[in-house]
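Examining the three-dimensional arrangement
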Amino acid sequence: MKIIYQTETGIAVVTPTGELSVEETARKDVPAGVAYRIIGDNDNPSDVDFTLPDGVGADYGVGSLLDVVGYTESGEPVVRHKETGETKVFRP
Amino acid sequence: MTLPAIPSIDGEITPQLRAILLAMKENIEVRGGQRKAADADKYSTTADVTAAATVAAAAATAAATVASTAEAIAGTENTKQMTALRMREGFNAAGSAPVFACRAWVNFNGTGTVAIRGSGNVSSITDEGVGKYLINFTTAMSDANYCAVGCAGSIDSGIGDRQLSTYRTSAATCRVISGQTSTANVYDAEEVNVAFFR
């Protein structure tokens with residue numbers, strides 16, 4: 001499975017390693033607020049329609065002020081604020 | 001009275017055992033553990049002696065379950081304890097210089113659709129265009145001042161012909177750019193290996 005999202009110059013393709021689920025990876029590694037689609041390994045990213053996305057990069061996504069520094073036993077991300085250093089369980 | 005057997009380690013007793021035995025020698029009357037009537041308060045009871053010997057035996061048993069240097073290096077023993085020294089020895093780290101472990105690593109094929117061969121503490125690779133990859137850590141580093149080391153190569157050229165530059169974008173991600181050595185152009189690489197230390 002791949003995660004794709006649109007950028008100013010085209011489409012970015014995210015390849016998960018499997019350490020996290022595809023959905024967890026998408027929320028964390030897609031830029032905050034950007035819509036993404038999850039596609040099969042053999043699907044062509046340029047053929048994908050983004051009008052009905054599978055989700056949106058979370059507030060702790062790439063480029064946000066929050067870094068994921070771990071997960072709770074129940075799977076909630078633990079985030080650290082880049083500027084204040086405050087660490088807490090992320091709850092939207 | 002019969003004292004419980006006190007095991008030794010490789011024929012030598014530990015300092016803790018020696019201290020306990022000396023204390024016992026000073027405090028008990030060896031002949032059957034009988035208290036001297038005249039100085040009863042100076043001597044331990046049979047129960048005291050038994051308890052002290054039991055503690056000594058337990059301490060010796062615990063010491064005996066520490067892994068040896070060979071066991072620490074082999075890494076196959078799963079029933080013995082590791083001390084701080086054995087931890088260092090397990091890394092084959094001679095001398096007193098500190099050990100800094102790799103905090104994340106990844107090996108992937110960057111041509112076409114990225115194919116990850118192996119990784120640790122990396123959640124994904126974002127393909128950002130020809131020769132440009134964003135490595136996303138599963139768990140972020142403590143800050144962005146980590147050290148990224150890596151190399152890139154091409155199987156087609158047979159001689160490598162790739163160079164790799166790293167740019168620490170943040171504590172959570174690192175961008176790497178692969179270029180062709182012979183042309184100095186940005187180029188995909190079949191072999192991209194990066195490790196991170198902090």
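Residues numbered from 1 in each chain as written. Chains lettered and ligands numbered in written order. Predicted model: local features only at pLDDT ≥ 70, side-chain atom pairs only at ≥ 80, totals over all residues.

**Structural notes on the overall build of chain A**
From N to C terminus, chain A includes one helix and seven strands. Moving toward the C terminus, one meets the helices and strands of chain A in the order β-β-α-β-β-β-β-β. Each of the 92 residues in chain A was classed as buried or not, and the buried ones make up 33%. Counting contacts in chain A only where the partners sit at least 6 residues apart, residues at least 24 apart contribute 39% of the total. (Helix = DSSP H or I, 4+ residues; strand = E, 2+ residues; numbered from the N terminus. Buried ≥ 20, exposed ≤ 12 C-beta atoms within 10 Å, placed from the backbone. Contact = placed C-beta atoms within 7 Å.)

**Concerning the overall build of chain B**
Helix and strand counts for chain B stand at four helices and eight strands. The order of helices and strands in chain B, counted from the N terminus, is α-α-α-α-β-β-β-β-β-β-β-β. Within chain B, buried positions represent 22% of all 198 residues. Sequence-distant contacts in chain B: of pairs separated by 6 or more residues, those separated by 24 or more amount to 49%.

**So, the sheet that holds strand β7 (residues 87–89) of chain A**
Residues and elements named next belong to chain A. Strand order in the open sheet formed by three strands is β5-β6-β7, and the pairing between neighbours is antiparallel. Looking at the sheet topology across the chains shown, the edges are occupied by β5 (66–71) and β7. Taking each pair of neighbouring strands and ignoring which way they run, the sheet shows an average axis angle of 30°. Across three bridges, strand β6 (residues 77–81) lies against β7 in antiparallel orientation. Its bridge partner being in β7, R80 is matched across the sheet by T87. (Pairing = 2+ DSSP bridges. Axes fitted to C-alpha atoms, helices over the stretch in contact; angles between N-to-C directions.)

**As for the interface of chain A and chain B**
In this assembly, 18 residues from chain A lie in contact with 19 residues from chain B. Those elements that provide at least two residues to the side of chain A that touches chain B are β2 (11–16), α1 (22–29) and β5 of chain A. Take the side of chain A that touches chain B: its biggest share by element is five residues, from β2(A). Among the residues forming the side of chain A that touches chain B, the class breakdown is eight nonpolar, five polar and five charged. (Nonpolar A, V, L, I, M, F, W, Y, C, P; charged D, E, K, R; others polar.)

**Describing the sheet that holds strand β6 (residues 162–167) of chain B**
Here eight strands make up an open sheet; going across it, the order is β4(A)-β3(A)-β1(A)-β2(A)-β3(B)-β4(B)-β7(B)-β6(B) and the pairing antiparallel. Pairing within the sheet leaves two strands with one partner each, and these edge strands are β4 (55–56) of chain A together with β6 of chain B. In this sheet, β4(A) lies alongside strand β3 (residues 35–39) of chain A in antiparallel orientation, the contact comprising two bridges. Following the sheet pairing, Y36(A) is matched in β4(A) by G55(A). Against the sheet, α1(A) makes contact with β1 (2–6), β2, β3 and β4 of chain A together with β3 (122–127) and β4 (132–137) of chain B, and its axis sits at roughly 60° relative to β3(B), the strand it touches most.

**Re the pairing of β5(A)**
Bridge count for β5(A) against β6(A) is five bridges, and the pairing is antiparallel. Within β6(A), the position partnered with Y71(A) by the bridge is P77(A).

**Concerning the confidence of the model for chain B**
Mean pLDDT over chain B: 83, with 78% of residues reaching 70 or higher. What the predictor reports for the complex is a pTM of 0.75 with an ipTM of 0.91. (pLDDT = per-residue confidence, 0-100.)

**Remarks on the nonpolar core**
Grouped together as the largest cluster of nonpolar side chains are 26 residues, with contacts concentrated most on V106(B), I135(B), F137(B), A140(B), V176(B) and V192(B). The set of elements that each furnish at least two residues to this core consists of β5 of chain A together with β1 (102–109), β3, β4, β7 (173–180) and β8 (191–197) of chain B. Residue contacts for A140(B): discarding those within four places in its chain leaves D67(A), V68(A), V69(A), R80(A), A171(B) and A172(B). Judged by nonpolar contacts, the second largest core, of nine residues, contains I3(A), I4(A), Y5(A) and Y36(A). (Core = buried A, V, L, I, M, F, W, Y, C linked by C-beta atoms within 7 Å.)

**Regarding the environment of S64(A)**
Residues and elements named next belong to chain A. As for its placement among the helices and strands, S64 is situated in the loop between β4 and β5. Spatially, the C-alpha atom of S64 lies 9.1 Å from that of H81, the residues being 17 residues apart in sequence. Those residues in contact with S64 that sit more than four places away from it in its chain are A32 and D59.

**A closer look at unusual backbone geometry**
Residues and elements named next belong to chain B. Its identity as a non-glycine residue notwithstanding, N92 has a phi of 60°, on the positive side. Positive phi, close to 65°, is recorded for A184, a residue that is not glycine. Looking at the secondary structure, you find A184 in the loop between β7 and β8.

**Some thoughts on the environment of C147(B)**
All names here are of chain B. Its location among the elements puts C147 in strand β5 (residues 147–153). Taking the C-alpha atoms as reference, C147 lies 24 Å from G129; in sequence the two are 18 residues apart. Filtering out sequence-adjacent residues up to four positions away, C147 remains in contact with F196 and F197.

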